[in-house]
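Architecture and fold: a report
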Amino acid sequence: MTEPISFIDYWNLVDAAMLEFFGIDTLDAGIEADMIATSQDENTTPEDFALWFGEKYGLRLISEFGW
């Protein structure tokens, strides 16, 4: 059985996913701590959270730019 990751570690993983997918982090996106905490409590992966957030707010994936 694996131990759950700490909130700050989860937040760092969300930041990494946001940077990978959209080129911005949670601070740039204005994501509040309570939204990240809810995502962690619901066992959402950081990647799924980042993609959900991007879709909800109309962010474009870096891959769409062909870089």
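Residues numbered from 1 in each chain as written. Predicted model: local features only at pLDDT ≥ 70, side-chain atom pairs only at ≥ 80, totals over all residues. Heavy atoms only, no water.

1. Examining the nonpolar core
The biggest cluster of nonpolar side chains holds 11 residues, and these are Tyr 10, Val 14, Ala 17, Met 18, Phe 21, Phe 22, Ile 31, Ile 36, Phe 49, Ala 50 and Phe 53. With 6 residues, helix H1 (residues 7–22) is the largest single contributor of residues to this core. The residues touching Phe 22, leaving out its near neighbours within four places in the chain, are Ala 50, Leu 51, Gly 54, Leu 59, Arg 60, Leu 61 and Ile 62. (Core = buried A, V, L, I, M, F, W, Y, C linked by side-chain atoms within 4.5 Å. Buried < 20%, exposed > 50% of the residue type's maximum accessible area, 1.4 Å probe, protein only. Helix = DSSP H or I, 4+ residues; strand = E, 2+ residues; numbered from the N terminus. Contact = heavy atoms within 4.5 Å.)

2. Quick word on helix H4 (residues 46–56)
Inspection of H4 places Pro 46, Phe 49, Ala 50, Phe 53 and Gly 54 among the buried residues, and these make up the whole buried set. For H4, the angular spread of the buried residues around the axis is 130°, confining them to a single face. Residues of H4 that are buried in the fold lie against H1, helix H2 (26–29) and helix H3 (33–41). One or two residues past the end of H4 sits Gly 58, with phi positive at roughly 70°. (Arc of directions from axis to C-beta.)

3. Concerning the packing of H3 against H4
Axis separation between H3 and H4 bottoms out at 10 Å; the angle between their running directions is 130°. Comparing the axis directions of H3 and H4 gives the class oblique. The crossing of H3 and H4 is right-handed. Residues Met 35, Ile 36 and Ser 39 of H3 pack against Phe 49, Trp 52 and Phe 53 of H4. Of the residues assigned to the contact of H3 with H4, the class counts are 5 nonpolar, 1 polar and no charged. (Axes fitted to C-alpha atoms, helices over the stretch in contact; angles between N-to-C directions. Parallel < 35°, antiparallel > 145°, perpendicular 65-115°, else oblique. Left-handed = near helix turned anticlockwise from the far one by under 90°. Nonpolar A, V, L, I, M, F, W, Y, C, P; charged D, E, K, R; others polar.)

4. Digging into H3
Buried within H3 we find Ile 36, Ser 39 and Gln 40. In a view along the axis of H3, the buried residues occupy a sector of 100°, so they form one face of it. Those residues of H3 that are exposed and angled more than 90 degrees off the buried face are Asp 34 and Asp 41. On the buried face of H3, the contacting elements are H1, H2 and H4.

By themselves, these figures tell us nothing about what the structure is for.
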